[in-house]
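Tertiary structure, described
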Amino acid sequence: MKADRIHNFNPGPAALPLTVLEEIQENLLDFQGSGMSITEISHRAREFDDVINDAVDRTKRLLNLDDKFEVLFIQGGASLQFCMIPMNFLPEGRSADYVDTGTWSTKAIKEAELQGKSIQVVASSAAKNYSYIPKNIAFNSDAAFVHLTSNNTIKGTQWAEFPDTKSVPIICDMSSDMMSRPLDVEKFGMLYAGAQKNVGPAGVCLVIIRKDLLDWIPDTVPTMLKYTTFAAKNSLYNTPPCFAVYTVQLVLKWLEETIGGLENMAAINQDKAQLLYGFMDGGEFYRATAQADSRSMMNVTFRLPNEDLEKQFVEQALANGLGGLKGHRSVGGCRASIYNAVSLEAVEALVGFMKTFEKANIE
Ligand SMILES: *Cc1c(COP(=O)(O)O)cnc(C)c1O
């Protein structure tokens, strides 16, 4: 059955590769000759073991992770990580540096403060409405870790390069740009990403931790909030979100086998972003909101001449098969999320529509 699909620019949950959805559909009733759906088999079954191990292996290959790193799958979204990180990695007497680049950073900071942990916000772009990524930050050399948000989904900014924090490990929320480009993992103590933006469906968070950090974790942390619980059991201490992990595995397979890895993915993402920003920069009608050197390759935020036109733009775009273009309710305006699974053709269709809309609405 061929479905009538639209170009999906949703911020999250977001577009998945069509071939992944088709593969799920094809195998939904009978997973690998088991006579059962993947949603019906035990998480202790050999079939599921193969799925989760393959997802871990592919994550390691795609990101060039060596054996220093653990790959974990945890429920509760990126938001649960905001509280688990200080709980696990910020013991009495230590402090951590946080950089505030928008809504999600702010939430991460709040969760550390709620626990009475010692943290310092060493840089913030709040005064300029989070329209840029701070530079030349003075990090504390004795900080336990530095927390960053690599891509600011709502404000449309992204770290083009990560700062040099010397020997202090970076813990990074990569929810909206995980697997969008190659990484120098040496800088990081931990990476995490709610899967529903760029690597799969909602329900699971991909967490990558440098193993030596696991030694920091106090015994008093509750079992289900302790990374060691997940690391010791290959994320199978209790029932994991099996279907979400399976979908992540298929997305990672698509990244490796169809796209050909993160270098290729980054080149495609670059082309998509260039096309959209380049078009907007060439005129006055659409105005990108992020400062040029801080623009996100994943979430392109922009304004039209007035709010009435923005409303019409979003409505008419949808009528033309282009969905999900409304800006976050906290900031207004428009946003095109152009994650990995959004094709260059989809962005070309969007730019085509933008030209038509502009012509029809300019005096
Ligand atoms: C969406 C998002 C989150 C929240 O993710 P949940 O999985 O819904 O908790 C956190 N950080 C960033 C950067 C996001 O884009």
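Residues numbered from 1 in each chain as written. Predicted model: local features only at pLDDT ≥ 70, side-chain atom pairs only at ≥ 80, totals over all residues. Heavy atoms only, no water.

**Remarks on the sheet that holds strand β4 (residues 119-124)**
As a reminder of what qualifies: DSSP calls a pair of strands paired once it identifies at least 2 bridges connecting them. Helix and strand assignments come from DSSP, with helices taken as H or I runs of at least 4 residues and strands as E runs of at least 2, each series counted from the N terminus. Convention adopted: a line fitted to C-alpha atoms gives each axis, helices being fitted over their contacting stretch, and angles between N-to-C directions are expressed from 0 to 180 degrees. When checking whether two residues touch, look at their non-hydrogen atoms; a contact exists if any pair is within 4.5 Å.
Ordered in space as β2-β10-β9-β8-β5-β3-β4, the 7 strands form an open sheet in which the pairing is mixed. Of all strands in the sheet, those bounded by a partner on one side alone are β2 (69-74) and β4. The average angle at which neighbouring strand axes cross in this sheet is 20 degrees, direction not considered. Bridge count for strand β3 (residues 96-100) against strand β5 (residues 146-149) is 2 bridges, and the pairing is parallel. Bridging from a neighbouring strand, aspartate 97 pairs with valine 146 of β5. In the packing of helix α3 (residues 77-89) onto the sheet, contacts are made with β2, β3, β5, β8 (170-173), β9 (188-194) and β10 (205-210), and the angle to β9 comes to roughly 155 degrees.

**A few points about the packing of helix α8 (residues 307-319) against helix α9 (residues 344-361)**
Formally: We call two directions roughly parallel when the angle between them is under 35 degrees, roughly antiparallel when it is over 145, roughly perpendicular when it lies between 65 and 115, and oblique otherwise. Each crossing is labelled by how the near helix is turned from the far one, with a counterclockwise turn of less than a right angle marking it left-handed and a clockwise turn marking it right-handed. Lys, Arg, Asp and Glu make up the charged group, whereas Ala, Val, Leu, Ile, Met, Phe, Trp, Tyr, Cys and Pro make up the nonpolar group; the residues left over, Gly among them, are polar.
The contact between α8 and α9 brings their axes to 11 Å, and the two run at 135 degrees. By the angle class used here, α8 and α9 are oblique. Here α8 runs over α9; the crossing is right-handed. On α9, the residues that touch Leu309, Gln312, Phe313, Gln316 and Ala317 of α8 are Leu350, Phe353, Met354, Phe357 and Asn361. Residue composition of the contact of α8 with α9, grouped by class: 7 nonpolar, 3 polar and no charged.

**A few points about the site of the ligand**
Note the following rule: The near set for a molecule or strand comprises every residue that places at least one heavy atom within 4 Å of it. Any N or O atom pair separated by 3.5 Å or less is treated as a polar contact, with the protein-specific requirement of one donor-capable and one acceptor-capable atom, and with residues adjacent in sequence counted only for side-chain atom pairs. What sets the accessible areas is the Shrake-Rupley method with a 1.4 Å probe; for residues, cover comes only from the shown protein chains.
Residues in close proximity to the ligand total 13 residues, the closest being Ser79, Thr153, Asp173, Gln196 and Lys197. With respect to the ligand, the side chain of threonine 153 contributes an N or O atom lying 2.4 Å from an oxygen atom. Glutamine 196 places a polar side-chain atom, nitrogen or oxygen, 2.9 Å from an oxygen atom of the ligand. A total of 390 Å² of accessible area belongs to the ligand in isolation, and the protein chains cover 87% of it. Top contributing element to the shell around the ligand by residue count: α3, with 4 residues. Classifying every residue of the shell around the ligand gives 3 nonpolar, 8 polar and 2 charged.

**Comments concerning a nonpolar patch on the surface**
Operational definition: Distance thresholds for patches are 9 Å for like charges and 5 Å for nonpolar side chains (Val, Leu, Ile, Met, Phe, Trp, Tyr), applied to residues having over 30% relative accessible area and no salt bridge. What counts as a salt bridge is simple: a side-chain nitrogen of Lys or Arg found within 4 Å of a carboxyl oxygen of Asp or Glu.
A surface patch of nonpolar side chains, about 290 Å² in accessible area, is lined by Leu28, Leu29 and Phe243. By the secondary structure assignment, phenylalanine 243 is in helix α6 (residues 242-259).

**Section: the domain arrangement of the protein chain**
Rules: All domain edges in this entry derive from an automatic or database-based domain assignment. A simple way to read buried area is as the amount of 1.4 Å-probe accessible surface that goes missing from two parts once joined, with both sides added.
In terms of domains, the protein chain is made up of domain 1 (22-259) and domain 2 (261-361). The centre of domain 1, based on its C-alpha atoms, is set 27 Å off from the matching centre of domain 2. Opposite the 27 residues of domain 1 that make contact, domain 2 presents 27 residues. The contact between domain 1 and domain 2 buries some 2100 Å² in all, and 54% of this surface belongs to carbon and sulfur atoms. Counting across the interface, domain 1 meets domain 2 through 1 salt bridge. Between lysine 135 and aspartate 293 there is a salt bridge, and its shortest N-O distance comes to 2.6 Å. Linking domain 1 with domain 2 are 15 residue pairs in polar contact (both at pLDDT 80 or more). Among the secondary structure elements, those contributing two or more residues to the side of domain 1 that touches domain 2 are α2 (46-63), β7 (157-158) and α6. The leading source of residues in the side of domain 1 that touches domain 2 is α6, at 4 residues.

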